[in-house]
Each structure stands twice: as C-alpha cells, then as structure tokens.
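An overview of the molecular structure
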Amino acid sequence: HTFSDEGIAADPCLQPMRGGGSDVFVAHFTEHGLLLGATYFGGADDEMAASAALGHDGRLAACGSSTGPGSFATNVAPVQGWSGAMDGILAVFHSIDSLAAGTYIGGAGDDALVQLTSGDADGFVLLGNTTSSSGIVIERRVRSGPAPSIFAASLTVCLATANGARMRVGTPTSRAHSTCIN
C-alpha cells in the first residue's frame, strides 16, 4: 500500500489517482522487469494490501483490509458491504485496468485478510483475523463469470476455501499469519 500521490499509476490502469489515505497499488511487470501497467486501488479511507495470488485462470486476486465503505471506487459493486471499523477486502482483477469482482469480508469488529493462496481450479483460500462475533461467513460465492469463487468463515482466525469448508481455530488473542495448500 502507499500514501504517495505520484509515481505509482502507469497506463493502462484502473484508478489513476490515489483515493485518499493509504491505497493499495498493483503493478504488472514482464519477466525482464519492464513495467506493463500499474494502478491505485482504494477510496477516501485507508486500504492496506496483505497478499496476492494468481488464480488458475490467470486472474490476479489481492486481499487486505479497509477502514471505510468506499474502497470500490469503480463500477464493480462489492458482493458484501462494509460493516465495521475495519473489514477484510478482496479484489479480483481481469487485468491491471479492469476489476472483475470484489467484496468486503467482516462483521462489526475489526477484520483483516492476511493471506491469499490459489486453491482448487475454481477459487482461492483466504486467511485472516477478526474480532467480530458474526458477519464473517459468506454464504454466497464472489463470482465474476466462470471463476473465481470464494467462501469465508470463522471467528478468531478466518479461513476461506473455494469448496465452502469452514474452520474455527485459535483463541481470542490468536493471529493468523500464513497458510499453504498441499
């Protein structure tokens, strides 16, 4: 994420200007380091990036957190609305200049997504932290056509899987930091 107003966005891009506060930024490079495009992603509040992964369909998904309801400053409406002081945020990009889908994940407490991993052929696995006692489970898929799809769940440590499996682990002071797929 960045607080910088310059030196980030490069054509093509989804959002040429920082929305305010801290914004996520995404850049696309060739294997030789040539910049192909870069964009800001965020609204007037603070958005912080934590992790990104390429899906099996080649789309980039990024996750993190947001302190306000205006993160999706594009024509894509979030599947689940913002609902707390800080919510997890998930964005799936068609390309550096086109958002495929996105959502907030959270309840009335503080919620943040900390890692995103490519899951099975139809989705991603999300890992995060929450102080919310409800509002974490998403019972509908985040869809942008044929793929990807995401489910989220848990109380203390949030785990999301493409196949809808739910897991609750940890104690009220537990914090998740990483995950892997076998």
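1. Re the packing of aromatic side chains
- Summed over all chains, the structure comprises three aromatic pairs.
- An angle of 80° between the planes, with centres 5.6 Å apart, marks the rings of F41 and F72 as edge-to-face. A residue pair is termed long-range when its members are at least 10 positions apart, and F41 in strand β2 (residues 35–41) and F72 in the loop between β4 (60–66) and β5 (87–95) qualify at 31 residues.
- Taking 5.2 Å as the distance between ring centres and 90° as the angle between the ring planes, the aromatic pair formed by F72 and Y104 counts as edge-to-face. Here F72, found in the loop between β4 and β5, pairs with Y104, found in strand β6 (residues 98–105); they are 32 residues apart in sequence, far enough to count as distant.

2. Notes on empty space enclosed by the protein
- Evaluation of the coordinates by the stated rule reveals two cavities of 30 Å³ or more.
- When its volume is computed, the largest cavity comes out at roughly 70 Å³.
- Around the largest cavity sit V24, V26, F41, M48, A49, A62, C63, G64, I89, L90, A91 and F93, which together line it.
- If you list the elements that add at least two residues to the lining of the largest cavity, you get β1 (24–29), β3 (47–54), β4 and β5.
- Among the elements that make up the lining of the largest cavity, the one with the highest residue count is β5 (four residues).
- A breakdown of the residues in the lining of the largest cavity according to their chemical character gives 11 nonpolar, one polar and no charged.

3. Some remarks on the sheet that holds β6
- The four strands lie next to each other as β3-β4-β5-β6, forming an open sheet whose pairing is antiparallel. Because the sheet does not close on itself, it has two edges, and the strands there are β3 and β6. Adjacent strand axes in the sheet meet at a mean angle of 20°, parallel and antiparallel pairs treated alike.
- Direction of pairing for β4 relative to β5: antiparallel, over a ladder of seven bridges. Paired with S65 across the bridge in β5 is G88.

4. Here's the deal with the nonpolar core
- Counting residues in hydrophobic clusters, the biggest one holds 13 residues, and the most contacted among them are F41, F72, F93 and L99.
- For this core, the secondary-structure elements that each account for two or more residues are β1, β5 and β6.
- Counting residues per element, this core draws most heavily on β5, at three residues.
- Other than its neighbours up to four places away in sequence, F41 contacts L14, Q15, D23, V24, E47, S71, F72, I89, A91, F93 and L99.
- Judged by nonpolar contacts, the second largest core, of 11 residues, contains A61, L90, I105 and F124.

5. As for the side chain of S66
- Here S66 shows up in strand β4.
- Among the polar contacts made by the side chain of S66, one reaches the side chain of S71 at a distance of 2.6 Å.
- The residues contacting S66, other than those within four sequence positions of it, are D46, E47, S71, W82, A85, M86, D87, I89 and Y104.

6. So, unusual backbone geometry
- Put simply, D11 and P12 share a cis peptide bond, and its omega is -5°.
- With respect to the helices and strands, P12 occurs in the segment before β1.

7. A closer look at the confidence of the model for the protein
- Considering every residue of the protein, the mean pLDDT works out to 75; 72% of them sit at 70 or more.
- Across residues 139–174, where pLDDT falls below 50, the model places 106 contacts with residues more than four positions away in sequence or in other chains.

About the cut-offs
Residues numbered from 1 in each chain as written. Predicted model: local features only at pLDDT ≥ 70, side-chain atom pairs only at ≥ 80, totals over all residues. Heavy atoms only, no water. Phe/Tyr/Trp six-rings, centres within 6.5 Å; stacked < 30°, edge-to-face > 60°. Helix = DSSP H or I, 4+ residues; strand = E, 2+ residues; numbered from the N terminus. 1 Å grid on protein atoms, 1.4 Å probe; cavity = no way out; pocket = protein on both sides within 12 Å on 5 of 7 lines; lining within 4 Å. Points joined across faces, edges and corners; volume = space filled by probe spheres on them. Nonpolar A, V, L, I, M, F, W, Y, C, P; charged D, E, K, R; others polar. Pairing = 2+ DSSP bridges. Axes fitted to C-alpha atoms, helices over the stretch in contact; angles between N-to-C directions. Core = buried A, V, L, I, M, F, W, Y, C linked by side-chain atoms within 4.5 Å. Buried < 20%, exposed > 50% of the residue type's maximum accessible area, 1.4 Å probe, protein only. Contact = heavy atoms within 4.5 Å. Polar contact = N/O pair within 3.5 Å; in protein donor to acceptor, adjacent residues only side chain to side chain. pLDDT = per-residue confidence, 0-100.

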